[in-house]
Amino acid sequence: MVGQVNGKAIYAQTVFDPIEEQLQALGGQLPEEAFRQRAAELILGRLDEIVSNALLLGQAQRDLTKQEQMALRQILQDKRQELIRRHGRGSLAVAEAQLLADTGKTLDQTLEEYRQTILISRYLSRKLMPRIHVTRSDIQRYYRDHFDEYNPPAQRVIRLIRVADAQQAQQVQQRLEAGEPFADVAADPINQFRPSEGGRMEVTGDQPLAFEPLNRAVAQLLEGQSAGPIQTPGQPEAFWFILVEQLDRPPGQPLEQVQRQIEETLRRQQFEALSRQYQQRLYAEGSYTPREQMAQTLLQIAMSRYAAAQQSP
């Protein structure tokens with residue numbers, strides 16, 4: 001026993017069980033001081049979880065009415081029969097052995113975890129759900145803030161040709177109109193933009209380039225279409241030609257299609273935030289052995305039990 005919460009004992013093995021494999025592995029990998037620091041972090045995390053759940057469970061149990069207590073007993077009885085059928089094909093002894101082999105827990109331990117989960121979930125829902133409120137404006141704001149998530153940007157492979165003057169632009173235009181492939185012209189030395197790559201670029205979105213006239217062309221062209229010559233601001237002597245070689249535009253999801261999903265997301269976020277706030281208040285007001293005192297005792301045990309693994313031959 002390393003401490004108590006609400007008058008109930010906290011045992012060292014209860015803390016170590018879920019993190020034991022991590023501690024064993026770290027003990028074999030880390031030098032002593034590094035292990036001490038990492039073990040302290042794991043132990044404090046487990047203590048916070050144990051104390052918070054115990055404080056919540058105490059509140060949840062006190063909140064039950066007699067009728068709810070009877071209903072909970074029936075739920076647990078049904079769950080017990082289900083576990084025996086599923087893991088033991090009707091045999092209690094087989095179910096006990098199978099659960100222990102599969103999960104490391106007895107039937108009673110499994111049922112106790114299930115009972116605690118039901119109690120805490122029901123209590124938090126009753127306590128916090130009335131305080132959750134999601135407005136239409138909240139949904140619209142979330143959609144705007146996550147617009148790319150619901151409307152993935154287009155992916156394109158484009159080719160660009162840049163020439164220095166109107167005469168060269170006319171030459172390029174004549175070659176393209178005569179049927180010469182855009183990629184071949186873009187690979188010609190007349191092109192001042194990546195001729196060695198045939199002017200090829202992979203771009204994302206409808207505004208991928210530095211010049212707005214080129215972006216307007218990108219957004220308007222379908223796959224296989226080209227445009228030019230295009231002059232760009234600040235470059236009066238530069239003329240561009242552009243080809244959209246490949247275009248992949250994933251279908252978007254309008255707000256009307258995803259508003260229920262967004263509402264559920266926002267409700268879940270509010271619930272989680274309120275739950276954390278409530279648990280912090282319980283933690284501040286609860287009765288339990290100081291966590292630093294428990295953590296120090298547990299760290300000493302961890303150092304003697306697990307850190308020694310790194311010294312083994």
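Structure shown above.
If you're wondering where the values come from, they're calculated on a predicted model, not measured in any experiment. Numbering of residues starts from 1 in every chain and runs along the sequence as written. Note on the predicted model: pLDDT of at least 70 is required for a residue's local features to be given, and 80 or more for side-chain atom pairs to be given and counted; whole-chain, interface and lining totals, by contrast, use all residues. Water and hydrogen atoms were dropped before computing side-chain values, which therefore reflect all heavy atoms in the structure.

A. Layout of the pattern of salt bridges. Basic side-chain nitrogens of Lys or Arg form a salt bridge, by our definition, when they fall within 4 Å of a carboxyl oxygen of Asp or Glu. Counted according to the given criterion, the structure contains 25 salt bridges. Two residues, Arg122 and Asp63, come together in a salt bridge whose shortest N-O distance is 3.1 Å. With Arg122 in helix 6 (residues 107-128) and Asp63 in the loop between helix 3 (32-62) and helix 4 (66-88), this pair connects stretches of sequence that are 59 residues apart. Overall, the relative accessible area of 28% leaves Asp63 in the partly exposed class. One network of salt bridges, in which partners are shared, links Asp63, Glu68, Arg122 and Arg126. Helix numbering and strand numbering both begin at the N terminus, where a helix is a DSSP run of H or I of at least 4 residues and a strand a DSSP run of E of at least 2. Exposure categories follow from relative accessible area, calculated using a 1.4 Å probe and restricted to protein chains: below 20% of the type maximum is buried, above 50% is exposed, and the middle band is partly exposed.

B. Examining unusual backbone geometry more closely. Omega for the bond connecting Gly228 with Pro229 falls within 30 degrees of zero, at 5°, which places this linkage in the cis form. A positive phi is found at Arg89, a non-glycine position, where the angle reads about 50°. On the secondary structure map, Arg89 appears in the loop between helix 4 and helix 5 (92-103). The exposed category is assigned to Arg89, whose relative accessible area is 83%. For Arg194, which is not glycine, the phi dihedral falls at a positive 45°.

C. Structural detail: the packing of aromatic side chains. Aromatic rings from Phe, Tyr and Trp, taking only the six-membered ring of Trp, are treated as a pair when their centres fall within 6.5 Å; an angle between ring planes under 30 degrees marks them as stacked, one over 60 as edge-to-face, and anything in between as tilted. In the structure shown here, the tally under the stated rule is seven aromatic pairs. With a centroid separation of 5.6 Å and an interplanar angle of 75°, the aromatic rings of Phe16 and Tyr306 are classed as edge-to-face. Of this pair, Phe16 sits in helix 1 (residues 12-16) while Tyr306 is found in the segment after helix 13 (291-305), placing the two residues 290 residues apart along the sequence. Among the residues examined, Tyr306 registers a relative accessible area of 2% and is labelled buried. Ring geometry for Phe211 and Trp240: centres 6.3 Å apart, planes at 45°, overall tilted. With Phe211 in the loop between strand 4 (200-204) and helix 11 (212-220) and Trp240 in strand 6 (residues 235-248), this pair connects stretches of sequence that are 29 residues apart. Its relative accessible area of 6% is what places Trp240 among the buried residues. Among the aromatic residues, those joined into a cluster by ring pairs are Tyr143, Phe147 and Tyr150. Sitting over a ring, as applied to charges here, requires NZ of Lys or CZ of Arg to be within 6 Å of the ring centre and within 35 degrees of the ring normal. Just above the ring of Tyr114 sits the side chain of Lys79; from NZ or CZ to the centre is 4.7 Å.

D. Structural view of the environment of Glu68. Mapped onto the elements of the fold, Glu68 is located in helix 4. Considering only alpha carbons, one finds Glu68 and Glu177, 109 residues apart in sequence, at a separation of 81 Å. Once residues lying within four places of it in the same chain are set aside, the contact partners of Glu68 are Asp63, Arg122 and Arg126. By the convention used here, residues are in contact when the closest approach between their heavy atoms is within 4.5 Å.

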